[in-house]
Amino acid sequence: RALGEEARRVQAERGERNLRCLTERISELQDLTLASTLSFEQQLDAALSAGCRWFGADFGMIGKAQEGTYVVKLRHGDSHPPAVSGLPIAESCVEELLEYGDPVAVPSANMPIQRRHPALGHVQLPVYLAVPIEVHLTADRVLEFFGAAPDHAAFTETDFASLQLLARWVQTVLHRESFQ
């Protein structure tokens, strides 16, 4: 009985921590939304910066699949390894991400096969969190975060909820930018 009560207490504390974390992240995106003096690129860079902090990533990118190649729209954070535009997406993690449409996370409880990233060549990074973004009814953009820490903890449900929230926010900015 005491173990059951302890488990419920721990679960309640974890739930409160997750709710507090999501509330802080929503508040940060709300502040970004209200920052009317920022250009679209500055807004997207600030969103990538937030994502890097939230997910413990070294750098983040917004990319686009264009005529079978990957184009880096924006990158924030560590400049190594360098990102290159124009490389083919065939047989890459980006192709898989766009094909299946589900968020991808490494490390995770059920770690997928890591494939090469078209902008990074054959560099394999142990931390990868990504989600496709649809703009004008076409899912050809990706929001991605990368890290080199081999001991990075598995991503949580809170991280996935935050990634989806951030992706929607980035999607909105990309929509507004396309109409300017």
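Residues numbered from 1 in each chain as written. Predicted model: local features only at pLDDT ≥ 70, side-chain atom pairs only at ≥ 80, totals over all residues. Heavy atoms only, no water.

Q: Would you explain the pairing of strand S6 (residues 138-147) in this entry?
A: Residues in a regular strand point their side chains to alternate faces of the sheet. Within S6, 8 of the 10 residues are buried, which leaves it mostly tucked inside the rest of the structure. One ladder, built from 6 bridges, connects strand S1 (residues 59-66) with S6; its direction is antiparallel. Within S6, the position partnered with Gly60 by the bridge is Phe145. Relative to S6, strand S5 (residues 127-135) runs antiparallel, the two being bridged by 9 bridges. (Buried < 20%, exposed > 50% of the residue type's maximum accessible area, 1.4 Å probe, protein only. Helix = DSSP H or I, 4+ residues; strand = E, 2+ residues; numbered from the N terminus. Pairing = 2+ DSSP bridges.)

Q: How should helix H4 (residues 157-178) be read in this particular structure?
A: Given 3.6 residues per helical turn, the α-helix brings residues three or four places apart onto the same face. For H4, built from 22 residues, the straight-helix expectation of 32 Å at 1.5 Å per residue is met to within 8% by its first-to-last C-alpha distance of 31 Å. Those residues of H4 not exposed but buried are Thr158, Asp159, Ser162, Leu163, Leu166, Ala167, Trp169, Val170, Gln171, Val173 and Leu174. (Expected span 1.5 Å × (residues − 1).)

Q: Can you help me understand helix H2 (residues 40-55) in this one?
A: Across its 16 residues, H2 extends 22 Å between first and last C-alpha, which sits within 8% of the 22 Å expected from 1.5 Å per residue. Within the sequence span of H2, burial applies to Gln43, Leu44, Ala47, Leu48, Ala50, Gly51, Cys52, Trp54 and Phe55. Just downstream of H2, Gly56 is the residue with a positive phi angle, here 65 degrees.

Q: Help me understand the pairing of S1 in this model?
A: Across the 8 residues of S1, 6 count as buried, placing the element largely inside the fold. The pairing of S1 with strand S2 (residues 69-77) spans 8 bridges and is classified as antiparallel. Bridge pairing in S2 links Phe59 to Gly77. In this antiparallel pair of consecutive strands, S1 and S2, the connection spans 2 residues, and Glu67 shows a positive phi of 50 degrees.

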